[in-house]
Amino acid sequence: MISALLFLNEKGDIILARNYRGDVSRAVAEAFRTQIIVKKDTKMPVANFGSATFLYIREQNVFFAAVTRTNVNCALVFEALYRLCDVFKSYFGSLDEATVRNNFVLLYELLDETIDFGYPQMITPDVLKTYILQGKPELEKKRDVTVHATGASTRPEGILYPRNQLFIDVIEQVSLLVSGKNTVLSAEVNGQVQLKVMLSGDPECIFGFNDKLFLDNHRQVAADAARKGKRDTLELDDVRFHQCVKLGRFGADRTIAFVPPDGEFTLMRYRLTDKVVRTPFRVVPVVIEHTRTRFDVRVGIGATFPESILATQVVVKIPVPPNAARAKINCIAGSARYEPEQHAIMWRIRNFAGRTSFTLTAQVQLLATVVEGKPWSKPPIALQFIIPMYTGSGLEVLFMNVTESKMHYVAERFVRYITRAATTRSGTPTLRALCPPLVPPPRASSSSSAPASPPPCPLLLREPLLPRAHLTLPQPARSCFWGPAFSLFLSFLVGRTPC
Amino acid sequence: MASDSKFFSTSRKGEIREFQLDLNSANPQKKKDAIKKIIAAMTVGTDVSQLFSDVIRNMQTDDLEMKKLVYLYLINYSKSEPDLALLAVNTFVKDTANLNPLVRALALRTMGCIRVDSITEHLCEPLRRGLKDPDPYVRKTAVLGVAKMYDISPDLVVDEGFIDMLKTLLGDANPMVVSNSVATLMEIQAVNPGQEIFVIRQEELNKLLAALNACSEWGQVFILDALATYHPADADEAERIAERVVPRLNHANSAVVLSSVKLLLLLLNYMTNPDSVTMYCRKMAPPLVTQLSAQPEIRYVALRNINLVIQKRPGLLQSEIKVFFCKYNDPLYVKMEKLEIMMLLVEDPNIAQVLAELKEYATEVDVEFVRKAVRAIGRCAIKLDNAADQCVDALVNLIDNSQVNYVVQESIVVIRDIFRKYPHKYEGIIVKLCDKLESLDEPEAKAAMIWILGEYSDRIENPDQIFETYFVENFHDETPAVQLQILTAVVKMFLKVQHDTQPLVHKVLKMATQKSDNPDLRDRGFVYWRLLSASLDTAREVVLAPRPPITAPTTTIAPELLDELIPQMATLASVFHRPPETFITNAKLAVPKAQPGMAAPQMELTSGADEPIEGATSGSGDDAARREAVAAAAQAVAEGDLLPGLASLAAPAPATAAQAAGLVMPTPAPVAPAPVAAPAAAAVPVTAEGALPERRPTTVLLAQRTAKGFQLTGDFVLRGGVLGLDMLAENLSTEVIPPEFEFQFNKNGFGVVPSTMTLPTALTPGKSVSVFVRCDLQPGHQAPWDGADPRTLCTVPMALSNAFTGVHFFNGTVSLLCVTTPGASIERPAFAERFQALGEQAEQTRILERVYPLETCLGLLKARNLFEVARKRVEDLVIVYLYGTTRVFESEFFVEAAFRPTPAGTLACKVSVRSKPEGIATLAADSAAILLSMQ
């Protein structure tokens, strides 16, 4: 099991360490520095030196590493590391070198409580907050704290809310890859259902959505749904549930039953690939190359969702080579400008009605350079947007039944599809976290979409680039000139509606 | 709460004194601040242990935060102040009886962390109370307290009966108490592999399955991992367990999912109904795929495990290849892993898609990834005959269009492999390759190109000119691998197209034999020279002998290793794809495993592969046999290269094979695999005969930490009757390590003396090479033995010195079975008589739970000079009697090995050894146990 947990800064100095088993010394930090931080290669997250093994993750400017000398369960360790980060963030707001130093007393306390002799115990912020109290220690005994802390019950006793409310948030993230001919090359929806539970007592909940396998088992429910006009069903590739869901029951007849913990949590995560993912936008790029240093771009973008829906905050990122000097842009809707630091033309459209389309044209001037360099990584066109009342997967919440055996209240339930920009773990919004395109040859695609235009890319590809420019690029990408393919992220926002 | 960072503020002189004053002040806030400052100092690594007694004085307080801080201090410094730590015992014991369960648990937890014997003694009573505490929180803490105590003083735990108490707690009402008990018991079992401390039986199984649903996610993992050690009685029971485990696959925690998959895979082995097997396989696929959207580190762990799963159950993810396509934002290590899995899954129906992806990857920017992608194209071509055309097209395209030199070079290396697999099919592209001659600068690509040129010299107009201009001119500047390749290629060319090329051959042979100081090159040059001057026909037969076909391995892990790794899924072993003992040196585990017998079986195989080659050299008529031997050797090298551990060597497979093939001469010159082939051939299990199991050297003799990144792993082996140290030298530093070593042994029990140790070449960073150091036994080098602990007899103190590493001292262990006398034999009656005479008091017995098949075991023992006296069969029990003598002391030992099949279909064995002196019996039994056990 875990021998020690270390917080190290970017220089490899220990900011804080907790040794659980006494079989490693502080000196292991030296190995971490020389073998992991200094080395510039693959950066494997699991590394073995001698008989000590490091498993680490990175959180802003902090390396959070577990050291072990046994054949530890890696999945367990990484899950625990990430979960600990969540705990720290929920206590401190964020996790970086400064917060570690600022809260070292509390951190020691949390590390002591969450992991014992290297074995993870209870790493759930809500539970921990009932007995690890920031700054105001209480010796007075709380009756059920310990039962709670051993995971025997997910709810503390005696919860009472004047209004019993339950909020259901559905957040979907769709990545989509479309070729120049508008055929879907790959599509994936990663969604989650988040609950905010404000219910008294010990409620038992049953959650239902238009899951095909569930409705096949429950004809009555299916008939009810059909009467309300909800006929579409969907078959998810995979579902994962929160600890509280009774997995045995789900395995038996696909009923999602649970006793929710108090507060906010993610009830389920699901995944859907390929089959029925709906494409909200159609993008048609055309590139016309005039000389080695000048080319024209025309990007057409059309919404395929119904008129009643309004997409907001649409951002189209059209990458250009890093040696682009300036771009003369013309667009009918939204605002667009060339942003050299992004190496892209950023086109922002605040409101995008369904079934409309807009076009942007740009003349791009390139600097003539002679310095040999690596070829341009050619990222795909990226879109970010928010679409309310629209789901890529077609998931609909059908019901959420709440039963409380003692108080017999009727809970108010709300469904909303909330907006969250796709973010990396470090909290920066990603425009770039995109699926790579599959069929890239720019020649073929542009000739299919605009037969008149000359093949756009070969010269561009050979364009020598300044090597320095590449250092500023993020992790370089798949090779695809942005002509033929694009990737999308979409999230949904639906106004709160009673369920 | 105000920022704590102020406590780190400054470190100045007199600070300690100041802390002391504050700690002893009457103001509680001042005290608390002082102790925070002390903890801050501790955190940054300042030694504040001299404040021990002052801190301890503040232990008795009602302020929980203060108490926790003092406890934290105690955990860190008790070890350095064991006497003073005793002062804390009273307060600890008092706290374990506190009214507040949180305080009781805290005291128990902290006491366990203080690794001072005197404190541990006082822990027994509180721990016993804790295990029976009414509060589950205290119980679950006490359970781990037992684990802590076992770590410090195992005997105490056993004597106090804590293990039985833990077993009782498996039925506790609180799931966390149950799961912690399981974890503790498993840990105790793990450090005592020979004993049955905690074995899950029906009763425990039911308790654990009952607790599984209610447990915390971490607890579920502990329980699932424990259940993986259970052997179901029959198919029904296996299905019953599987049914209970399947719902876990929908858990949000990846660790739970992976452990469930592991357990299900193991249960599948017991199932007999093909429908249920298919059903469970189908259920496992989606959750595994879902792991690919987890955080990158978990994704990586999952991918490494998926790699194992699909080698074990190839059909499982066959249709899912698309999910393994690399994404734009995958970290490099994830991409590399996905590529591996794509190679395992690629089949005719999806090759077009995969190839399109690979072509994409080849235009990316990460050098390592691009190279791997190019290599993958080659692997596709070799794996799928129908796709070879497409793959070759893709490679030619890369060579034509890529402006990146390493892509071109890597492609050439790959094409060489394709030429090996499909001779004379793609000759047309040689012209294109020749266009790139000038840009080649990597030795590997050069060697590949030269091999191609040599092989097809009769299809090229002016091979001699090409060789002359591009390669021969700078012959002396090339690396040894390239030089060898030039030599062979030029000779091949001469044998294929004779006219005009003689001067060139002469020149090269001369350079190789007269001006080179590389012994391998010189030797090979001489061999060729002699061969050519003797008879051209013979030379042709030898040098141009048809090469064995190469095949792409469908799996990258040996089946035995795979069977060993599946039960280890989700652990480090599964991520490294290596058995745990290769990266763990747990002092408690190491006792039986550190002995070197482990590597021994390997050498029989190597010698087995070598022998026919040498045998065939004498009779030139026996052509077929020789070719076969060459094929076997070459095949072995080629296959070995593709093993994961040596992935970096993957490409030179045909080169080394070709060298091995090209080297077989009808002269008894140094025929053993060529130096470049040596690392692969020696370090990798040779599968030529396939009968005997093989292991690599496992004992780390010199760890890289101590020797600036030079690592030496090695075991004593008996190779073809020759005692030697089989070692793998690895360079994990950033500098080149010179090949000359001073290597000496101190006087030791058996009088083992080494010959010289020289690496074939200097070790460049990241490379490894196998060395075999022949050893002798010299009576004069024997250290006197006091007869006390026989294991001291086996220890060999070694010293090694090198210009780079400096001088290092370390210990190796020689296995008794390596120092046996060859040809020992005895008559049956004599054996029986002496065996009886020795009696049971001179007997040492080892129970081995899982050994190799009977014939393999006997083969292994025979190779250790043990003489089989008799064999008898009683029902399903096979008893074999063996006899051996040691070279030193000349003591006889008598072995009785009883093999019995287990219900699980494996073979168990009881080895009893009798000898006088008894120490020899102990050693022989130990070393036989290691030799025969299948881990």
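Residues numbered from 1 in each chain as written. Chains lettered and ligands numbered in written order. Predicted model: local features only at pLDDT ≥ 70, side-chain atom pairs only at ≥ 80, totals over all residues. Heavy atoms only, no water.

Caption draft 1: Up close: the overall build of chain A. The helix and strand tally for chain A stands at 12 helices and 25 strands. Buried positions account for 57% of the 499 residues belonging to chain A. In chain A, the proportion of contacts linking residues at least 24 apart, taken out of those at least 6 apart, comes to 73%. When the accessible surface of chain A is totalled, it reaches about 20200 Å², and 52% of it is carbon and sulfur. (Helix = DSSP H or I, 4+ residues; strand = E, 2+ residues; numbered from the N terminus. Buried < 20%, exposed > 50% of the residue type's maximum accessible area, 1.4 Å probe, protein only. Contact = heavy atoms within 4.5 Å. Areas by Shrake-Rupley, 256 points an atom, 1.4 Å probe, with all protein chains shown as cover.)

Caption draft 2: Focus on the interface of chain B and chain A. The interface of chain B with chain A comprises 107 residues on the first partner and 97 residues on the second. Note on chain B versus chain A: buried area summed over both sides is about 9200 Å², and carbon and sulfur give 57% of it. For the interface between chain B and chain A, the tally reads 6 salt bridges. When the shortest N-O distance is used, the salt bridge between Glu 113 of chain A and Arg 109 of chain B registers 3.3 Å. Where chain B meets chain A, there are 33 residue pairs in polar contact (both at pLDDT 80 or more). Partitioning the side of chain B that touches chain A into residue classes produces 54 nonpolar, 26 polar and 27 charged. (Buried area = accessible area lost by both parts, 1.4 Å probe. Salt bridge = Lys/Arg side-chain N within 4 Å of Asp/Glu carboxyl O. Polar contact = N/O pair within 3.5 Å; in protein donor to acceptor, adjacent residues only side chain to side chain. Nonpolar A, V, L, I, M, F, W, Y, C, P; charged D, E, K, R; others polar.)

Caption draft 3: Main features of the nonpolar core. Core analysis: the biggest nonpolar cluster contains 277 residues, and Leu 5, Phe 7 and Phe 88 of chain A together with Met 342, Leu 358, Phe 419 and Phe 467 of chain B have the highest contact counts within it. Here the element with the most residues in this core is helix α2 (residues 74-92) of chain A; it accounts for 14 residues. Residues Phe 804, Cys 857, Phe 893 and Leu 931 of chain B belong to the second largest nonpolar core, which totals 67 residues. (Core = buried A, V, L, I, M, F, W, Y, C linked by side-chain atoms within 4.5 Å.)

Caption draft 4: Representation of the packing of helix α26 (residues 480-496) of chain B against helix α28 (residues 519-534) of chain B. All names here are of chain B. Interaxial distance between α26 and α28 falls to 10 Å at its minimum, and their mutual angle equals 10°. As the angle between them shows, α26 and α28 are arranged roughly parallel. When α26 is examined against α28, the residues Gln 483, Leu 484, Leu 487, Thr 488, Val 491, Phe 494 and Leu 495 are found in contact with a partner set consisting of Asp 520, Leu 521, Arg 524, Gly 525, Tyr 528 and Leu 532. Here the contact of α26 with α28 is built from residues that sort into 8 nonpolar, 3 polar and 2 charged. (Axes fitted to C-alpha atoms, helices over the stretch in contact; angles between N-to-C directions. Parallel < 35°, antiparallel > 145°, perpendicular 65-115°, else oblique.)

Caption draft 5: Inspection of helix α16 (residues 274-290) of chain B at higher detail. The terminal C-alpha atoms of α16 of chain B lie 26 Å apart, and with 17 residues this matches the ideal 24 Å at 1.5 Å per residue to within 8%. Those residues of α16 of chain B that sit buried are Ser 276, Val 277, Tyr 280, Cys 281, Met 284, Ala 285, Pro 287, Leu 288, Val 289 and Thr 290 of chain B. Turning to α16 of chain B, the residues buried within the fold contact β11 (238-241) and β13 (263-273) of chain A together with α14 (235-245), α15 (254-268) and α17 (296-312) of chain B. The N-cap of α16 of chain B, judged by a side-chain oxygen 3.0 Å from the amide nitrogen of Asp 275 of chain B a few residues on, is Asn 273 of chain B. (Expected span 1.5 Å × (residues − 1).)

Caption draft 6: Local environment of the confidence of the model for chain A. Residues and elements named next belong to chain A. Predicted confidence across chain A gives a mean pLDDT of 74, with 74% of residues reaching 70 or more. Looking over chain A, one finds the lowest element-wise mean pLDDT in helix α11 (residues 458-462), namely 22, and the highest in strand β7 (residues 119-120), namely 94. The model gives residues 421-499 a pLDDT under 50, and that stretch makes 244 contacts with residues more than four places away or in other chains. (pLDDT = per-residue confidence, 0-100.)

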